[in-house]
Amino acid sequence: MSNVTRAQQLLKRTRKKYGVTQEKLSQESYQSRESISMQENGSRKINQATAKAITEKYNDPFVAMAAAQEYVGWGISILDGKAVDLHRASMLMATKREVKEALEKLKELPVAENPSAVKEFEKQNIKEALIEQAEASTFIENNIAVLCKEYGFSWTEVWDSAKKRLKSRGYL
């Protein structure tokens, strides 16, 4: 038996939280109960159908976030460490702090210069700004997830609406 990943633990925890059997989840995601069992026990990675069913039917974006990160090995992490407080007010304050830190770092960047003319210490400043932006992105996405769950907004509808808005503005 494989090691069970964070996404697989979240899948099982979320399924049980909502009183959903493996059989019901398998029907909702058009796969066998055995497939759900293997995804929960670490024999298989969580597939797209399972992540989508949990996210859409039970409005729990954290399973999909963890599964996506495990597939690619990088990206947005779920904030669940000892120092995090997932209360909506705490998340909002922390998100504002992280975004402010990222914006401050962006002010210092020498991006108008040709990259070949940028000095090594300036490259380090650019890298630090990129890390700050990644941290801010992590807080923003986790804040969206928390607020969607708290207020009953659909995670997928929020992202679909954002995508439509970006497309209408010519960004996508």
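Since this is a predicted model, take the numbers as computed values, not measurements. (Residues numbered from 1 in each chain as written. Predicted model: local features only at pLDDT ≥ 70, side-chain atom pairs only at ≥ 80, totals over all residues. Heavy atoms only, no water.)

Caption draft 1: Examining a nonpolar patch on the surface more closely. Taken together, the side chains of Tyr151, Phe153, Val158 and Trp159 present a nonpolar region at the surface, about 420 Å² in accessible area. With respect to the helices, strands and loops of the structure, Trp159 is situated in helix H8 (residues 155-168). Of the residues examined, Trp159 reaches a relative accessible area of 37% and is grouped as partly exposed. (Patch = residues over 30% accessible without salt bridge, like charges linked within 9 Å, V, L, I, M, F, W, Y side chains within 5 Å. Areas by Shrake-Rupley, 256 points an atom, 1.4 Å probe, with all protein chains shown as cover. Salt bridge = Lys/Arg side-chain N within 4 Å of Asp/Glu carboxyl O. Helix = DSSP H or I, 4+ residues; strand = E, 2+ residues; numbered from the N terminus. Buried < 20%, exposed > 50% of the residue type's maximum accessible area, 1.4 Å probe, protein only.)

Caption draft 2: Region of the structure containing the environment of Arg88. If you trace the backbone, Arg88 turns up in helix H6 (residues 88-107). According to the relative accessible area criterion, Arg88 is partly exposed, its value standing at 32%. Taking the C-alpha atoms as reference points, Arg88 and Ile46, separated by 42 residues in sequence, lie 28 Å from one another. Setting aside residues up to four positions removed in sequence, Arg88 forms contacts with Asn143, Val146, Leu147, Glu150 and Tyr151. (Contact = heavy atoms within 4.5 Å.)

Caption draft 3: Quick look at the pattern of salt bridges. What the rule picks out here adds up to eight salt bridges. Between Asp60 and Lys149 there is a salt bridge, and its shortest N-O distance comes to 3.2 Å. Of this pair, Asp60 sits in the loop between helix H4 (48-58) and helix H5 (61-72) while Lys149 sits in helix H7 (residues 120-151), placing them 89 residues apart in sequence. The exposure class of Lys149 is partly exposed, given its relative accessible area of 28%. The shortest N-O distance in the salt bridge between Glu150 and Arg88 comes to 2.8 Å. Here Glu150 is found in helix H7, whereas its partner Arg88 is found in helix H6, with 62 residues between them in sequence. On the accessibility criterion, Glu150 (44% relative accessible area) is partly exposed.

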